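# Commentary on secondary and tertiary structure
Listed below are the residues making up each chain.
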Amino acid sequence: EHLETLVLARRNNYVDYTQNLFEGYETRLNIGTFTFPISEQVRNDTRLKLAEPVLVVEIGTEAIAYPLAMLGNTATNDVVGGTKVVVLALEDGPSGAAYRAQLEDETPLDLVYDPDIKNWRDKATGSIVDLSGSIISGPLQGQHLLPLSSRYMFWFAAAATIPNAQVYQPAS
């Protein structure tokens, strides 16, 4: 219908879209092979592997990067910018989400991952919480955890765009 439309492309720059273009992407990043400019400061940041998936929670002037693969299947309680937070993490993916560690009425939650149901259970009430923060069963059913602004990204992107980001360190 729009035969006069031009496509901007380099000559002989054929891309086979039947192939996974991201195969090996993490490996290339971890050895420092970037297809875009990256600062030496970020390239030389050794706190995590450059392609480590992190969930960054930033409240006020404090930012903490949670390495999701390191966390595994957990509920990680922490304090960011003076706010009690809980990071729900799943090793499959990995994936994660950040919430306030209490309900809207200020009822505190103490969540633990339950591998039998592949969700989190509140220790006090037995209520079950899913990754979206919905309480799907138990006495608190129908309520929702309050989500926090967070960003899922590779570590190099966090180090480049949030220079004050600290890497989460579990209490020993």
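Our subject is the structure that appears above.
### Overview of the side chain of S134
Position of S134 relative to the elements: it lies in the loop between β8 (128-129) and β9 (135-137). What makes S134 buried here is its relative accessible area of 16%. At 3.3 Å, the side chain of S134 forms a polar contact with the side chain of S132. Contacts of S134, omitting those with residues within four sequence positions, involve I128, V129, Q143 and H144.

### Things to note about the packing of aromatic side chains
To describe a pair of aromatic rings, you give the distance between the ring centres and the angle between the ring planes. Throughout the structure, instances matching the rule amount to seven aromatic pairs. Ring plane angle 20° and centroid distance 6.3 Å describe the contact between F154 and F156, whose orientation is recorded as stacked. Residue F154 is classed as partly exposed on the basis of its relative accessible area, which comes to 22%. On the accessibility criterion, F156 (9% relative accessible area) is buried. An aromatic cluster of at least three residues, connected via ring pairs, comprises Y25, F34, F36, F154 and F156.

### Notes on the pattern of salt bridges
If the charged atoms of two oppositely charged side chains come close together, the side chains can form a pair. Evaluation of the coordinates by the stated rule reveals five salt bridges. Between E40 and R43 there is a salt bridge, with its nearest N and O atoms 3.6 Å apart. Note that E40 and R43 are positioned in helix α2 (residues 40-43) at a spacing of three residues, about one turn of the helix. On the basis of relative accessible area, R43 is assigned to the partly exposed category, the value being 27%. In this structure, E58 engages R151 in a salt bridge whose closest nitrogen and oxygen atoms are separated by 2.7 Å. In this pair, E58 sits in strand β1 (residues 53-59) while R151 sits in strand β10 (residues 150-154), placing the two residues 93 residues apart along the sequence. According to the relative accessible area criterion, R151 is partly exposed, its value standing at 35%.

### A look at the sheet that holds strand β3 (residues 74-80)
Spatially, the three strands line up as an open sheet ordered β3-β4-β5, and their pairing is antiparallel. Edge positions in the open sheet fall to β3 and β5 (95-100), since each of these has one partner strand only. The sheet shows a mean angle of 25° between the axes of neighbouring strands, taken without regard to direction. One ladder, built from seven bridges, connects β3 with strand β4 (residues 83-90); its direction is antiparallel. Bridge pairing in β4 places T76 opposite V87.

### Some details on the environment of G133
In this fold, G133 is placed in the loop between β8 and β9. Considered as a pair, G133 and L148 are 15 residues apart in the sequence and their alpha carbons are 11 Å apart. When residues no more than four places from it in sequence are discounted, the contact partners of G133 are Y99, Q143, H144 and L145.

### Section: the sheet that holds strand β11 (residues 166-167)
If you walk across this open sheet you meet the four strands as β10-β1-β2-β11, and the pairing is mixed. Of all strands in the sheet, those bounded by a partner on one side alone are β10 and β11. Where β1 lies against strand β2 (residues 62-67), six bridges are found, and the strand directions are antiparallel. The residue of β2 that forms the bridge with V56 is A65.

### A word on the environment of Y113
Summarising the element assignment, Y113 is placed in strand β6 (residues 111-114). Taking the relative accessible area as the measure of exposure, Y113 reaches 14% and is therefore buried. Separated by 57 residues in sequence, Y113 and V56 place their C-alpha atoms 20 Å apart. Setting aside chain neighbours within four positions, we find Y113 in contact with N73, T74, L90, K118, N119 and W120.

Procedures and definitions
Residues numbered from 1 in each chain as written. Predicted model: local features only at pLDDT ≥ 70, side-chain atom pairs only at ≥ 80, totals over all residues. Heavy atoms only, no water. Helix = DSSP H or I, 4+ residues; strand = E, 2+ residues; numbered from the N terminus. Buried < 20%, exposed > 50% of the residue type's maximum accessible area, 1.4 Å probe, protein only. Polar contact = N/O pair within 3.5 Å; in protein donor to acceptor, adjacent residues only side chain to side chain. Contact = heavy atoms within 4.5 Å. Phe/Tyr/Trp six-rings, centres within 6.5 Å; stacked < 30°, edge-to-face > 60°. Salt bridge = Lys/Arg side-chain N within 4 Å of Asp/Glu carboxyl O. Pairing = 2+ DSSP bridges. Axes fitted to C-alpha atoms, helices over the stretch in contact; angles between N-to-C directions.

What is shown is where atoms sit, not what they do.
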